[in-house]
Amino acid sequence: MTVDQLIFDYLFQLSLNSGYSTYDHLPLETENAPYPFVVIGSVQTLPVVTKNALQGQIVANVDVWGDGEGRFKVSQMMNDIFVQSSQPVELDGYSVRLKIDDYDNQMMQDTSVPNTVLNHGMMTLVFNLN
């Protein structure tokens, strides 16, 4: 399995194990997804290849969506995912550790759906791969 898929699966399972509705895409209207929910988005590999190993960084984007009343819950969910992902983990022989000093998050209100205010939390998680 590729390292980007390992990180994606790790974050997806971490979110599910926390009891959060979790998707690999922004749910379609026909899916009728209840708020709040988590979307594990893009994952980018920044490899450093050595003679003996693959090292580098993996950058993962995680979005948390809530309704207009759910800002506090979205913020809690983002913090929970951050705290859990900050624990070092072994994934298929790779040692993976979150670069806490590269953690980035943003909370914004989204009004792209007519007559609706949503709270949208966006996190960028950068993992060192050894």
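Residues numbered from 1 in each chain as written. Predicted model: local features only at pLDDT ≥ 70, side-chain atom pairs only at ≥ 80, totals over all residues. Heavy atoms only, no water.

## Focus: the overall build of the protein
Our working rule: Secondary structure elements are taken from DSSP: a helix is a run of H or I of four residues or more, a strand is a run of E of two residues or more, and numbering for both begins at the N terminus. It is over C-alpha atoms that the radius of gyration is taken, and the globule rule equals 2.2 Å times the number of residues to the power 0.38. For every residue, the accessible area obtained with a 1.4 Å probe (protein chains only) is divided by the maximum for its type, and the residue is called buried under 20%, exposed over 50%, and partly exposed between those limits.
The helix and strand inventory of the protein stands at two helices and seven strands. Along the protein, from the amino end to the carboxyl end, the secondary structure elements read α-β-β-β-α-β-β-β-β. In terms of overall size, the protein behaves like a compact globule, its C-alpha atoms giving a radius of gyration of 16 Å where 130 residues would be expected to give roughly 14 Å. Dimensions of the protein along its principal axes, counting C-alpha atoms only, are 55 × 30 × 25 Å. By the burial criterion, 37% of the 130 residues in the protein qualify as buried.

## Considerations on the pattern of salt bridges
Counted only if it meets this: We define a salt bridge as a side-chain nitrogen of Lys or Arg found within 4 Å of a carboxyl oxygen belonging to Asp or Glu.
Applying the stated rule across the entire model yields one salt bridge. Close ionic contact of D102 with K99 constitutes a salt bridge, the shortest N to O distance being 2.8 Å.

## A look at the packing of aromatic side chains
In this description, an aromatic ring pair is defined by two values, namely the gap between the centres and the angle between the planes. Rule in force here: Pairing of aromatic rings covers Phe, Tyr and Trp, the last through its six-membered ring, and needs centres within 6.5 Å; plane angles under 30 degrees mean stacked, over 60 mean edge-to-face, and all others mean tilted.
Under the criterion given, the structure shown has five aromatic pairs. On the basis of an interplanar angle of 85 degrees and a centroid distance of 6.5 Å, the ring pair of Y10 and F127 is categorised as edge-to-face. Pair noted here: Y10 is in helix α1 (residues 3-17) and F127 is in strand β7 (residues 118-129), with a separation of 117 residues, a long-range link. For the residue pair Y10 and F127, the accessibility class agrees, reading buried in each case. Centre to centre, the rings of Y23 and F37 are 5.6 Å apart; their planes meet at 80 degrees, and the pair counts as edge-to-face. Remark: F37 occurs in strand β2 (residues 37-49) and Y23 occurs in strand β1 (residues 22-23); sequence separation between them is 14 residues.

## Remarks on the environment of V3
Definition in use: Residue contacts are counted whenever heavy atoms from the two residues lie within 4.5 Å of one another.
By the element assignment, V3 lies in helix α1. Those residues in contact with V3, other than ones at most four positions away along the chain, are T45, L54, I58, Y94 and L129.

## Overview of helix α2 (residues 71-85)
The test is simple: To estimate the expected span of a helix, subtract one from its residue number and multiply by 1.5 Å. Note: the arc covers the axis-to-C-beta directions of the helix.
Over its 15 residues, α2 extends 21 Å from the first C-alpha to the last, a length consistent with the 21 Å expected when each residue adds 1.5 Å. Every buried residue belonging to α2 is among V74, M77, M78, I81, F82 and S85, and all of these are buried. Buried residues of α2, seen end-on, are gathered within an arc of 130 degrees and therefore sit on one face of the element.

## Looking at the nonpolar core
Rules: Side-chain atoms within 4.5 Å link the members of a nonpolar core, which is a set of buried Ala, Val, Leu, Ile, Met, Phe, Trp, Tyr and Cys residues.
I7, L11, V38, V62, I81, L125 and F127 are the most contacted members of the largest nonpolar core, which has 26 residues in total. Within the residue set of this core, elements represented by two or more residues are α1, β2, β3 (54-67), α2, β5 (94-98) and β7. Tallying contributions element by element places α1 first for this core, with seven residues. Those residues in contact with I7 that sit more than four places away from it in its chain are I58, A60, L91, V96 and F127.

## A short note on the pairing of β7
Our working rule: Here, a strand pair is defined by DSSP locating no fewer than two bridges between the strands.
Where burial is concerned, most of β7 is hidden: nine out of the 12 residues are buried. Sheet topology places β3 next to β7; 12 bridges connect them, and they run antiparallel. Opposite W65, over in β7, you have H120 as the bridge partner. For β5 and β7, the ladder comprises three bridges, and the chain directions are antiparallel. By the bridge assignment for β7, L98 is matched with F127. Note that strand β6 (residues 104-110) and β7 share seven bridges and pair antiparallel. Across the sheet, residue D104 finds its bridge partner in β7, namely T124.

Taken by themselves, the reported measurements are silent on function.
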